[in-house]
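# Results of the structural survey
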Amino acid sequence: MTIFSECRKLKRTGILPAFLAGGLLSAAVPVVNMAARASSYTPLSGDPAAILMDSCWQMMAMLNMLTLICTSCMMYHAEYADNGTQKMDVLPVRPFGMFFGKALITASALAVMILLEIASVAFCVHHWFSDTAGLAVSLLKTAGFQFLILLPTALLMLIIASACRNIWISLGSGVICVFALMILPQDSLILNLIPFHTPYLTFPAVLKEEQTILFLSVCAAETILFALAESVFLKVRRCFA
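Quick look at the structure, then. (Residues numbered from 1 in each chain as written. Predicted model: local features only at pLDDT ≥ 70, side-chain atom pairs only at ≥ 80, totals over all residues. Heavy atoms only, no water.)

### A short note on the state of the cysteines
Under the definition given, this model contains 0 disulfides. Not part of a disulfide, C73 finds its nearest cysteine sulfur in C70, a span of 7.0 Å. Cysteine C164 is unpaired, with the sulfur of C73 as its nearest cysteine sulfur at 8.0 Å. Of the residues examined, C164 reaches a relative accessible area of 17% and is grouped as buried. (Disulfide = S-S within 2.5 Å. Buried < 20%, exposed > 50% of the residue type's maximum accessible area, 1.4 Å probe, protein only.)

Structure below.
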């Protein structure tokens with residue numbers, strides 16, 4: 001019932017349009033890039049999808065995370081408005097159930113965003129490149145990988161938003177994390193495992209280094225850990241609220 005309640009709340013917010021706008025803006029990056037500089041990429045040898053991902057994904061990942069930050073803050077700002085969270089404490093509603101509902105909605109919206117972006121990459125490959133052998137399988141694997149490594153960041157951002165009553169604190173914290181970790185080197189394994197930094201990685205690059213299983217395992221562990229951390233945080237907050 002909590003999930004259905006969270007879905008009904010979306011009617012009064014701009015969360016779904018924000019996700020859609022972010023996905024379309026990110027999906028436009030490879031199209032605009034190829035339209036402006038196709039001659040720089042078409043002569044290159046190798047997998048066309050990997051070429052496009054390497055050249056465009058940094059910007060696309062940043063747009064994904066900025067969209068995630070804004071929507072996460074909007075979700076919990078609606079809960080804190082007019083002391084809504086305190087009022088819900090006297091109702092038979094589990095706070096973690098509310099968090100789980102928001103996490104499920106966020107994951108579903110992120111999946112749609114990733115599919116839009118991968119569809120844009122597929123269009124660019126078909127339009128500007130001649131070698132399209134095995135493209136569908138390659139892009140499906142890429143979509144799955146990019147989605148899974150974004151999940152820990154999504155949960156961590158929801159935790160930050162749930163902990164801050166002031167929307168500007170959670171929004172500022174998320175933006176600082178995005179830009180601070182964006183400038184860190186990409187060749188450090190430890191740094192690459194940090195949420196807000198992992199989403200900048202691309203599946204072709206990780207596959208080349210034979211680290212796919214490592215990153216998927218760590219991201220899965222981080223997702224579970226963040227979910228458990230939120231459960232503990234909500235219980236502690238309820239005791240001292």
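Back to the write-up after that little detour.
### Digging into the packing of aromatic side chains
All told, the structure shown has 2 aromatic pairs when counted by the stated rule. Centroid distance F123 to W128: 6.3 Å. Interplanar angle 85 degrees. Geometry classified as edge-to-face. Accessibility expressed as a relative area gives 44% for F123, which makes it partly exposed. Relative accessible area serves as the criterion here: at 23%, W128 is assigned to the partly exposed category. Here the aromatic rings of F145 and F203 are separated by 5.4 Å at their centres, their planes lie at 50 degrees, and the arrangement is tilted. Remark: F203 occurs in helix α9 (residues 203–208) and F145 occurs in helix α6 (residues 135–163); sequence separation between them is 58 residues. On the accessibility criterion, F203 (10% relative accessible area) is buried. We note K102 situated over the ring of Y76; from NZ or CZ to the ring centre the distance is 5.2 Å. (Phe/Tyr/Trp six-rings, centres within 6.5 Å; stacked < 30°, edge-to-face > 60°. Helix = DSSP H or I, 4+ residues; strand = E, 2+ residues; numbered from the N terminus. Lys NZ or Arg CZ within 6 Å of the ring centre and 35° of its normal.)

### A closer look at unusual backbone geometry
In the Ramachandran plot, F196 falls in the positive-phi region, its phi being about 75 degrees despite a non-glycine side chain. Relative to the helices and strands, F196 is located in the loop between α8 (189–192) and α9. Judged by its relative accessible area of 2%, F196 is buried. Of note in the backbone geometry, E210 takes a positive phi value of approximately 55 degrees without being a glycine. By secondary structure assignment, the location of E210 is in the loop between α9 and α10 (212–240).

### Section: the packing of helix α3 (residues 48–80) against α6
Their axes nearest at 9 Å, the elements α3 and α6 cross at an angle of 30 degrees. Between α3 and α6, the crossing angle belongs to the class labelled roughly parallel. In the crossing of α3 with α6, the sense of the turn from one axis to the other is right-handed. Between α3 and α6, the contacting residues are A49, M53, W57, N64, M65, L68, I69, S72, C73, M75, Y76 and Y80 on the first element and L135, L139, T142, Q146, L150, T153, A154, M157, L158, A161, S162 and A163 on the second. A breakdown of the residues in the contact of α3 with α6 according to their chemical character gives 18 nonpolar, 6 polar and no charged. (Axes fitted to C-alpha atoms, helices over the stretch in contact; angles between N-to-C directions. Parallel < 35°, antiparallel > 145°, perpendicular 65-115°, else oblique. Left-handed = near helix turned anticlockwise from the far one by under 90°. Contact = heavy atoms within 4.5 Å. Nonpolar A, V, L, I, M, F, W, Y, C, P; charged D, E, K, R; others polar.)

### Examining the layout of surface pockets
Here the largest pocket is characterised by a volume of approximately 320 Å³. Along the wall of the largest pocket there are 18 residues; nearest its centre are Q186, N192, L201, A205 and V206. Within the residue set of the lining of the largest pocket, elements represented by two or more residues are α3, α8 and α9. Looking at which element gives the most residues to the lining of the largest pocket, the answer is α3, with 4 residues. Of the residues in the lining of the largest pocket, the class split is 8 nonpolar, 6 polar and 4 charged. (1 Å grid on protein atoms, 1.4 Å probe; cavity = no way out; pocket = protein on both sides within 12 Å on 5 of 7 lines; lining within 4 Å. Points joined across faces, edges and corners; volume = space filled by probe spheres on them.)

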